[in-house]
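What follows is each chain in one-letter form.
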Amino acid sequence: MSETQVIDAHGEVIDDDKRDFIFIATGAAAAAGAALLAWPLVAQMGKAADTLAAGSVEIDLSKVAEGQQLKILWRGAPVFVRHRTAKEIAEAEGVDISDCPDPQTDDERLRPTPEGKLDPRFLVMIGVCTHFGCIPVGESGDFDGWYCPCHGSHYDTSGRIRKGPAPKNMAIPDYVYISDTVIKVG
Ligand code: FES
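Asker: I'm lost on the state of the cysteines in this one. Help?
Answerer: The bond known as a disulfide is covalent and runs between the sulfur atoms of two cysteines. Inspection of every chain in the model, using the stated rule, returns one disulfide. Across a sulfur-sulfur distance of 1.9 Å, C134 and C150 are joined as a disulfide pair. With the S-S bond torsion at -100°, the cross-link from C134 to C150 turns out left-handed. Residue C134 is located in the loop between β5 (122-126) and β6 (137-140), and its partner C150 is located in the loop between β7 (145-148) and β8 (153-155); the two are separated by 16 residues in the primary sequence. Accessibility expressed as a relative area gives 21% for C134, which makes it partly exposed.

Asker: Which parts of the structure should I look at to understand the environment of F122?
Answerer: Inspection of the secondary structure puts F122 in strand β5. On the basis of relative accessible area, F122 is assigned to the buried category, the value being 4%. A C-alpha to C-alpha distance of 9.2 Å links F122 and V64, two positions 58 residues apart in sequence. Excluding residues within four positions of it along the chain, F122 makes contact with L61, V64, R82, H83, L110 and Y177.

Asker: What am I meant to see in the sheet that holds strand β10 (residues 175-177) here?
Answerer: Strand pairing within a sheet occurs via backbone hydrogen bonds; the two strands may be parallel or antiparallel. Spatial strand order, β2-β11-β10: three strands in an open sheet with antiparallel pairing. Looking at which strands have only one partner, the edges of the open sheet turn out to be β2 (57-60) and β10. With strand direction ignored, the average angle separating the axes of adjacent strands in the sheet is 20°. Both β2 and strand β11 (residues 182-185) contribute to a ladder of four bridges, which runs antiparallel. Across the sheet, the residue bridging to E58 is K184, located in β11.

The rules behind the values
Residues numbered from 1 in each chain as written. Predicted model: local features only at pLDDT ≥ 70, side-chain atom pairs only at ≥ 80, totals over all residues. Heavy atoms only, no water. Disulfide = S-S within 2.5 Å. Helix = DSSP H or I, 4+ residues; strand = E, 2+ residues; numbered from the N terminus. Buried < 20%, exposed > 50% of the residue type's maximum accessible area, 1.4 Å probe, protein only. Contact = heavy atoms within 4.5 Å. Pairing = 2+ DSSP bridges. Axes fitted to C-alpha atoms, helices over the stretch in contact; angles between N-to-C directions.

Such coordinate-based values are descriptive only and should not be taken to indicate function.
This is the structure we're talking about:
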C-alpha cells in the first residue's frame with residue numbers, strides 16, 4: 001500500500017490509517033508559478049489554504065514514489081497523480097482497446113516531456129467517475145486500477161473504464177511537462 005496521507009483543505013490529516021493519498025489544495029503560490037512539492041505545500045498550507053485561489057499547480061514527480069498516488073484538489077476537482085509500477089504499466093499497455101467502452105491507448109492518455117518522450121510511469125487524471133461523479137478508490141476493482149463503489153464502475157491502470165455503468169474514461173486534465181520531472185497542471 002502507498003506511503004501517503006490524506007490531508008484536508010486546512011492541512012490536517014483526516015485519515016491517517018488509510019494513508020491512500022496526499023490531498024492538497026492548489027493555491028495562489030501555485031498560480032504564481034512557484035515550484036511546489038506536495039509535502040512542502042502541505043506543510044505550508046495551514047489555515048490559509050481554503051482562502052487560496054485555485055489556479056495552476058506545479059508538481060515535482062520525482063517526489064512521488066513508485067506505487068504512490070497524490071491526490072490534488074485542483075479547480076474544485078480531485079486530480080490523481082500516480083507513479084505506476086512496472087506491472088501497472090504493462091497491464092495498461094497490454095490492453096486490446098477494441099474491447100474498451102471508450103477506446104484509448106495508454107500513450108494517448110499521457111503527455112510528452114520536453115524531449116518529446118512519454119514517461120509511462122506517471123498517470124495524471126481527473127479522479128472523478130464519469131458516471132455520476134463519485135471519487136473512485138485506487139488499487140481496486142477487477143482491473144487493478146480504480147473502482148467506483150457508488151454503482152460499480154471498474155477502471156484499469158490507465159484510468160480507462162472497463163466495466164460498469166460509467167460511459168467514459170477518467171478525464172485527463174490540462175497539463176504539460178515543464179522539465180523532465182515537473183508538470184504544471186492548469
Ligand atoms: S458514480 Fe461511479 S459508478 Fe456511478
